[in-house]
Amino acid sequence: MENVTDVCFDEMTNSRYLKTFRMSYKQGGMKKIWDMARADDYVSVLIYNKTRQVFIFVEQFRPPVYVSRVCKEKVTEPCNGERWTDSDGNLGVTLELCAGIIDK
């Protein structure tokens, strides 16, 4: 079991990895607004072990997956300053390709 404790939500004012924007525009003469996030470029690799004849994946805890699954389970949304004390950390575990940020 993933030991996830002291979960607290705060407003994100700046991030090294994510930039948030609100874009306003007109489409067909109608004014629209779209909230979005821009992230760095990433790469992922599917690794196959010929000897064992298996694909290699990584099991990782992902906070956005955790929050999404807890919200769905509790039928709630996180609020600034809110704390969660009783949620199963395994709700945030994913099976993924090996991946990372392209930084060069």
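Our structure's up above, just so we're on the same page.
The rules behind these values
- Residues numbered from 1 in each chain as written.
- Predicted model: local features only at pLDDT ≥ 70, side-chain atom pairs only at ≥ 80, totals over all residues.
- Heavy atoms only, no water.
- Helix = DSSP H or I, 4+ residues; strand = E, 2+ residues; numbered from the N terminus.
- Patch = residues over 30% accessible without salt bridge, like charges linked within 9 Å, V, L, I, M, F, W, Y side chains within 5 Å.
- Areas by Shrake-Rupley, 256 points an atom, 1.4 Å probe, with all protein chains shown as cover.
- Salt bridge = Lys/Arg side-chain N within 4 Å of Asp/Glu carboxyl O.
- Buried < 20%, exposed > 50% of the residue type's maximum accessible area, 1.4 Å probe, protein only.
- Contact = heavy atoms within 4.5 Å.
- Core = buried A, V, L, I, M, F, W, Y, C linked by side-chain atoms within 4.5 Å.

1. Examining the environment of K26
With respect to the helices, strands and loops of the structure, K26 is situated in strand 2 (residues 18–27). Put simply, K26 and F9 are 17 residues apart on the chain and 34 Å apart in space, counted from C-alpha to C-alpha.

2. Some details on a nonpolar patch on the surface
Side chains of L46, Y48, F55, F57, L95 and L97 sit close together on the surface and give an oily, nonpolar patch of about 600 Å² of accessible area. Judged by relative accessible area, Y48 falls into the partly exposed class, the value being 41%.

3. Description of the environment of Y25
Mapped onto the secondary structure, Y25 falls in strand 2. You can call Y25 partly exposed: its relative accessible area is 24%. Between the C-alpha atom of Y25 and that of L97, which follows or precedes it by 72 residues, the distance is 36 Å. Discounting chain neighbours no more than four positions away, the residues touching Y25 are M30, K31, K32, I33 and W34.

4. A few points about the environment of K74
One can find K74 in helix 1 (residues 63–74). Residue classification places K74 among the partly exposed residues on the basis of a relative accessible area of 33%. Linking K74 and S87, residues 13 residues apart in sequence, is a C-alpha distance of 9.6 Å. Not counting chain neighbours up to four residues away, the residues in contact with K74 comprise D86 and S87.

5. Comments concerning the nonpolar core
The biggest cluster of nonpolar side chains holds seven residues, and these are V7, F9, Y66, V70, C71, W84 and L91. Among the elements that take part in this core, helix 1 stands out by supplying three residues, more than any other.

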